[in-house]
Amino acid sequence: MNRDSRPTAAGAPGGFDVGVASAEALNGRPLVTRGRTMLVHGSLVVFALAILAQAVQVQLVDRQKWTNAASAQHVRRQDVAPLRGRILDATGAVLVESRELVRLGVSPKALDSTKRYGDARVVMKHELQALRVPAPLIKRALDTTQVWVSIPGLYAPSDVEKLVRLRAVRRTRELRRFGMAAPIGIQRVLGTVNDEQQAQGGIELEFDGLLRGISGRDEFMKDGRGNPIESPALARVEAQAGHSITLTLNRSLQEICERELALAMERTGASGGDVVMLDPRDGSVLALAGSRDGKPAQNSTPLTEPYEPGSVIKPFVVARLLDAKRTTTDEMINTEGGVWYEADRKIEDEHKRPSMPVRDVIRLSSNIGVTKLSHRFSAREEYETLRDFGFGTLTGVPYPAESRGSVPLPANQIWRAQTPGSLAMGYAMTATPLQIAVAYAAIANGGELLQPVLVREIHDADGALVYRHQRRVVRRAITVETANSMRAILASVVDSGTATAAQMATYDVGGKSGTARRTVGRRYGNGTYNATFAALFPAQSPQYVIVAKLIDPRTTIFGGAVSGTMVRGILQAAQATLDASLDRGQLARYAKPLPVRVAKPRSPQAIAAAQRDSQRLDSLRAPAPAAAAPMPAAGRVVVSLPFVATANMANSGARPDAERNDSTRGKGRSLMAEVNDDPSTVIRTIPSVFGLNARQAVRTLFAAGFQVKLAKGAPGQTRPAAGSAARAGSTVVLSAP
């Protein structure tokens, strides 16, 4: 039978060929085989295992990932930046601090969804007007056709408290760093912080880890419109503010140094200058001022710009020789009449003498004398002398850009036959003004080289003290005896040497001047000089070390004249400042005695006229009331004070103790003797300040050893009155308009 003519099963779809199937079945090949069944079942098992594995992956392995993804759709997380720590000066005055400000945005369409639509518009308009937002911008903020309106500017949170309650207003919290009108020199030390609160140099960068604090976290639930909803179930981590840092810099002294530097530059025509003020007792840096080209320097130049200091280095060479017993202050040095040749180099002295003692080598700044003395060192010894005083090394202050200066190594190729003499004269090396101040502090405090310090204290966010500076001695540079001898020599420099311009009428000042040629490019320029003066105040027991430098002064080039005058102005102003980091009780011990004014002899005619005037005034005066006896009280003892003779009593006609009755005279002399035996109770006469302006009067009273308190009243009057006797260091009330 033909295959095409085989019968088919009735109703079989597609003409199923029953004959063929039957034939296949008859041939032993069933339609559903075991292999096919296992294949189908295996596929189903694999598919089920894949689903199970995926479920395990999602619900167990990646559970946190998908939980966070789901939470992100419902919860809004926001990092909270901490307030950056404050920086304060030595007196506790805030120099810089961070504040929280708010930036605003408005969604006008959200006003439609408020229940109190009209009130919301009124409140928004009123509050935006109070913030002085321009009228066109307020109109846009109330226009419900606008999608979003940004309000420019930053506002204090208290100023926008009502606005942020409105549903249509969104706020963004931002932090800004504010300086509290700190002097320019302090700003250079502090550094800056950008808008992202990233430190940019200075103390801000050096202590960034402590100042920036610890960030917090805030979480909100979001509704269907994406608006935040607070939930107590969500975690909230408060930001922790940064530590506060108290510096050793004194804002009052900083302002004085900057003002006197500006005045000195104007007076001398200098193109720039630097001033460093240091406390030699513990190494505290009190002021750092710098100026270049008539403008404040862009960084703290007393720390960052080294220079060849010149003759201010000479005392360290002599001090080490005195320490090593290789010379004495009285040894005579042949100074060759002021001109000498060494290694084909001509060396000259400004004060030409055939010879002079070692003390005068410093007092008169003899280049020839110090060069000959330097030959008593080996190359290594001279190098170690300068290094022991801190030259050529970092001082250790926490300032990122501090320079170490330079001192040539003996093995270096630049060390030649002229190098020892050059180093002794302050050439062939460089030093920063701070390094010079630290070295002079070693002479001031008895021979100890201290690590200078800019940070006095650090407190955490709760105010707890976590750090306080402790005096740190790096090494002993010279002995106490040598330091005492050097202070006496430095005092003679100001008294009768090269720096008489720094003299003060009230206290002895010690110091050393230096006038060094300045390099322009790689060569010494014509008429370019650095004029330096390093001062100790007071000379006997210094509380200040001041290093002042002027660049290219035009009036005169000598450091003792131009920079010495600037230092004197700084010291006078510092004494007239209440908060000047001075121990006035200790300072009073070293005050110079004020000269007693002697009345000029008068002619007989003048004496007769004065007597007539006195008689006329006596006739006009009302009779004096009888003196009332003091009222006794419980626990009160009335004591009659002894008579104290003053310089003005001779002019006023008052009689001294020698002319008074024996009982008063004896008691007065006895008590005054006891008082004068105690140097802490020095009796001084209050000077007259009549005719002086307030500033001059304050300086005069401070110079006399008194503290001053200003009060309103007729100018020139004091309480106690001028001519009265009072203890040194006591307060005098000065009347000022």
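You'll find the structure just up there.
To start, this report covers the structure provided alongside it. (Residues numbered from 1 in each chain as written. Predicted model: local features only at pLDDT ≥ 70, side-chain atom pairs only at ≥ 80, totals over all residues. Heavy atoms only, no water.)

Side note on the overall build of the chain
Link 1 in the chain: Across its full length, the chain carries 23 helices and 29 strands.
Link 2 in the chain: Scored against the burial criterion, the 737 residues of the chain give a buried share of 43%.
Link 3 in the chain: Here the analysis covers contacts within the chain between residues at least 6 apart in sequence; of these, 69% occur between residues at least 24 apart.
Link 4 in the chain: A total of about 39500 Å² of accessible surface is found on the chain, and carbon and sulfur atoms cover 53% of it. (Helix = DSSP H or I, 4+ residues; strand = E, 2+ residues; numbered from the N terminus. Buried < 20%, exposed > 50% of the residue type's maximum accessible area, 1.4 Å probe, protein only. Contact = heavy atoms within 4.5 Å. Areas by Shrake-Rupley, 256 points an atom, 1.4 Å probe, with all protein chains shown as cover.)

Some points on the packing of aromatic side chains
Link 1 in the chain: Within the structure shown, the criterion is met by six aromatic pairs.
Link 2 in the chain: Grouping aromatic residues by their ring pairs yields a cluster made of Phe 316, Phe 389, Phe 391 and Tyr 440.
Link 3 in the chain: The ring of Phe 178 has Arg 99 lying over it, and the distance from NZ or CZ to the ring centre is 5.2 Å.
Link 4 in the chain: A cation sits over an aromatic face here: Lys 372 above Trp 340, 5.0 Å from the ring centre. (Phe/Tyr/Trp six-rings, centres within 6.5 Å; stacked < 30°, edge-to-face > 60°. Lys NZ or Arg CZ within 6 Å of the ring centre and 35° of its normal.)

Observations concerning a nonpolar patch on the surface
Link 1 in the chain: Side chains of Val 45, Leu 49, Leu 52, Val 56, Leu 60 and Val 61 sit close together on the surface and give an oily, nonpolar patch of about 570 Å² of accessible area.
Link 2 in the chain: Relative to the helices and strands, Val 61 is located in helix α2 (residues 34-61). (Patch = residues over 30% accessible without salt bridge, like charges linked within 9 Å, V, L, I, M, F, W, Y side chains within 5 Å. Salt bridge = Lys/Arg side-chain N within 4 Å of Asp/Glu carboxyl O.)

Describing the nonpolar core
Link 1 in the chain: Of all hydrophobic cores here, the largest spans 116 residues; its most connected members are Leu 247, Val 275, Met 277, Phe 391, Tyr 440, Tyr 544 and Ile 546.
Link 2 in the chain: Examining the composition of this core, we find that ten residues originate from one element, helix α16 (residues 433-444), more than from any other.
Link 3 in the chain: In this structure, Ile 546 is in contact with Val 275, Val 276, Met 277, Phe 533, Ala 534, Ala 535, Val 567, Ile 570 and Leu 571, ignoring residues within four places of it in sequence.
Link 4 in the chain: Judged by nonpolar contacts, the second largest core, of 22 residues, contains Leu 104, Ala 120, Leu 131 and Leu 142. (Core = buried A, V, L, I, M, F, W, Y, C linked by side-chain atoms within 4.5 Å.)

As for empty space enclosed by the protein
Over the atoms, a rolling probe the size of a water molecule traces out where space has been left empty.
Link 1 in the chain: Applying the stated rule across the entire model yields two cavities of 30 Å³ or more.
Link 2 in the chain: Its volume calculated, the largest cavity comes out at about 70 Å³.
Link 3 in the chain: If you trace the largest cavity, you find it lined by Tyr 507, Gln 575, Arg 584, Leu 587, Ala 588, Phe 702, Gly 705, Phe 706, Gln 707 and Gly 729.
Link 4 in the chain: A per-element tally of the lining of the largest cavity places helix α19 (residues 584-588) first, with three residues.
Link 5 in the chain: Residue composition of the lining of the largest cavity, grouped by class: five nonpolar, four polar and one charged.
Link 6 in the chain: In this model, the second largest cavity occupies a volume close to 50 Å³. (1 Å grid on protein atoms, 1.4 Å probe; cavity = no way out; pocket = protein on both sides within 12 Å on 5 of 7 lines; lining within 4 Å. Points joined across faces, edges and corners; volume = space filled by probe spheres on them. Nonpolar A, V, L, I, M, F, W, Y, C, P; charged D, E, K, R; others polar.)

Quick word on unusual backbone geometry
What you tend to see is this: most non-glycine residues have negative phi, and most peptide bonds are trans.
Link 1 in the chain: The step from Phe 537 to Pro 538 runs through a cis peptide bond, and the omega angle for that step is -20°.
Link 2 in the chain: As for its placement among the helices and strands, Pro 538 is situated in the loop between β23 (523-537) and β24 (544-551).
Link 3 in the chain: In the segment running from Arg 719 into Pro 720, the intervening peptide bond is cis, with an omega of 0°.
Link 4 in the chain: Looking at where Pro 720 falls in the secondary structure, it is placed in the loop between β27 (718-719) and β28 (725-727).
Link 5 in the chain: Of note in this structure, Asp 293 is not a glycine but carries a positive phi near 55°.
Link 6 in the chain: For Asp 293, the position within the fold is in the loop between β12 (284-292) and β13 (295-296).
Link 7 in the chain: When its relative accessible area of 65% is taken as the criterion, Asp 293 is described as exposed.
Link 8 in the chain: Positive phi is not limited to glycine here, since Ala 343 has a value of about 50°.
Link 9 in the chain: Along the chain, Ala 343 falls in the loop between β15 (339-342) and β16 (345-348).
Link 10 in the chain: For Ala 343, a relative accessible area of 37% corresponds to the partly exposed category.

A closer look at the sheet that holds strand β29 (residues 731-736)
Working definition: the strands of a sheet are paired by backbone hydrogen bonds and lie parallel or antiparallel to each other.
Link 1 in the chain: Here we have three strands laid out as an open sheet, ordered β26-β29-β27, and mixed in their pairing. On the outer flanks of this sheet lie β26 (707-712) and β27, each paired with one strand and no other. (Pairing = 2+ DSSP bridges.)

What about the pairing of strand β22 (residues 510-520)?
Link 1 in the chain: Looking at chain direction, β22 and β23 are connected through ten bridges and run antiparallel. Residue pairing across strands places Ala 516 opposite Asn 530, the latter belonging to β23.

A look at helix α23 (residues 694-703)
Link 1 in the chain: Taken together, the buried positions of α23 are occupied by Ala 697, Val 698, Leu 701 and Phe 702. On an axial view of α23, the arc spanned by its buried residues comes to 130°, and they lie on one face.
Link 2 in the chain: If you follow the buried residues of α23, they end up packed against α18 (559-575), α19, β26, β27 and β29. (Arc of directions from axis to C-beta.)

Digging into the side chain of Arg 363
Link 1 in the chain: Structurally, the position occupied by Arg 363 is in helix α12 (residues 358-363).
Link 2 in the chain: Ignoring any residue separated from it by four or fewer positions in sequence, one finds Arg 363 in contact with Ser 492, Val 493, Ser 496, Gly 497 and Thr 498.

Concerning the sheet that holds β13
Link 1 in the chain: Spatially, β13-β12-β11-β24-β23-β22 is the arrangement adopted by the six strands of the open sheet, whose pairing is antiparallel. Lying at the two open borders of the sheet, with one neighbouring strand each, are β13 and β22.
Link 2 in the chain: Of the strand pairs in this sheet, strand β11 (residues 272-279) and β24 are connected by seven bridges, and their pairing is antiparallel. In the strand pairing of β24, Val 275 is matched with Ala 548.
Link 3 in the chain: Sitting on the sheet, helix α17 (residues 480-496) touches β22 and β23, and the angle it makes with β22 is about 70°. (Axes fitted to C-alpha atoms, helices over the stretch in contact; angles between N-to-C directions.)

Details of the environment of Ala 424
Link 1 in the chain: Tracing the backbone through its elements, the reader meets Ala 424 in helix α15 (residues 419-424).
Link 2 in the chain: The spacing of Ala 424 and Val 370 is 54 residues in sequence and 6.3 Å in space, taken between C-alpha atoms.
Link 3 in the chain: With sequence-adjacent residues up to four places away left out, Ala 424 is seen in contact with Ile 313, Lys 314, Val 317, Val 370, Ser 374 and Glu 382.

Considerations on the pairing of β12
Link 1 in the chain: Of all nine residues making up β12, eight are buried, and the element is well covered by its neighbours.
Link 2 in the chain: Here eight bridges tie β11 to β12, and the two strands are oriented antiparallel to one another. Bridge pairing in β12 places Met 277 opposite Ala 287.
Link 3 in the chain: From the end of β11 to the start of β12, which pair antiparallel, there are four residues, and Gly 283 there has a positive phi angle of about 85°.
Link 4 in the chain: Here two bridges tie β12 to β13, and the two strands are oriented antiparallel to one another. Paired with Ser 291 across the two strands is Pro 296, which belongs to β13.
Link 5 in the chain: Linkage of β12 to β13, two consecutive antiparallel strands, is achieved through a turn of two residues, within which Asp 293 is found at a positive phi near 55°.

Some points on helix α14 (residues 379-388)
Link 1 in the chain: Three or more residues of α14 are buried, namely Glu 382, Tyr 383, Thr 385 and Leu 386. Here the buried residues of α14 occupy an arc of 155° about the axis, which is enough to place them on one side.
Link 2 in the chain: The elements touched by buried residues of α14 are α11 (314-323), α13 (367-374) and α15.

Section: the packing of α11 against α13
Link 1 in the chain: It is at 10 Å that the axes of α11 and α13 come closest, and there the two elements cross at 45°. Put simply, α11 runs oblique to α13. Crossing geometry of α11 relative to α13 is assigned as left-handed. Each of Lys 314, Val 317, Val 318 and Leu 321 in α11 lies in contact with α13, whose residues at this interface are Asn 367, Val 370 and Leu 373.
Link 2 in the chain: Of the residues contributing to the contact of α11 with α13, the split by class is five nonpolar, one polar and one charged. (Parallel < 35°, antiparallel > 145°, perpendicular 65-115°, else oblique. Left-handed = near helix turned anticlockwise from the far one by under 90°.)

A word on the pattern of salt bridges
Link 1 in the chain: For the structure on display, the rule yields 28 salt bridges.
Link 2 in the chain: Residue Arg 281 is joined to Asp 279 by a salt bridge in which the shortest nitrogen-to-oxygen separation is 3.0 Å.
Link 3 in the chain: Through salt bridges that share partners, Arg 84, Arg 177, Glu 204, Asp 208 and Arg 212 make up one connected network.

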